[in-house]
Amino acid sequence: VNMLSLAARTSLRTRIPTPITPISGTRFYCEGQNAGEGEFTNIFVGNIAWGAGRSDLGDLFASIGAIRSARILADRETGRSRGFGFVVYEDSADAAKAVDELNGHEFMGRALIVNPARERFGVEFQQQQDDE
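Residues numbered from 1 in each chain as written. Predicted model: local features only at pLDDT ≥ 70, side-chain atom pairs only at ≥ 80, totals over all residues. Heavy atoms only, no water.

### Quick look at unusual backbone geometry
Most peptide bonds are trans, and most residues other than glycine sit at a negative phi. The test is simple: Labels follow the DSSP assignment, with helices taken as runs of H or I lasting at least four residues and strands as runs of E lasting at least two, numbered in each case from the N terminus. Throughout, exposure labels follow a simple rule: accessible area from a 1.4 Å probe, protein chains only, divided by the maximum for the residue type, with under 20% read as buried, over 50% as exposed, and the rest as partly exposed.
Within the chain, Asn47 stands out as a residue other than glycine whose phi angle is a positive 65°. With respect to the helices and strands, the residue Asn47 is situated in the loop between strand 2 (42-46) and helix 2 (54-62). Asn47 gets classed as partly exposed once you look at its relative accessible area, which sits at 26%. Positive phi, close to 55°, is recorded for Met108, a residue that is not glycine. Judged by its relative accessible area of 45%, Met108 falls in the partly exposed class.

### Some remarks on the environment of Val45
Structurally, Val45 is set in strand 2. Owing to a relative accessible area of 0%, Val45 belongs among the buried residues under this scheme. Sequence separation of Val45 and Phe84 is 39 residues, and the distance between their C-alpha atoms is 5.6 Å.

These results come straight from atomic positions and should not be treated as a statement about function.
Right, dumping it as structure tokens:
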């Protein structure tokens, strides 16, 4: 049994906040503040064109304000884009402005879905390790 999943399930079942420490080599969806905290810096971007790269996404969102990171999630087996990603802003005001201005914006032939990201406890993703 994965201790991280067990801690997350226990926290959700009892509704008592349980601190969760990520296991080495895993990653959660959110890196910035989540939407539940009022102000947020991490935004979800959906309906991303398959041909879009991380730099394309970063350039688009950097036109709104300074970003800390931009990433598009890829399928572990094929390496193909899963069609969604996350952008983390330095400032919550810029993140809110990006949600307002870029939700529904056409990018590479597709209308983007842009929302504040929500944390998903218990969901793990393998970190891409270039050297291993």
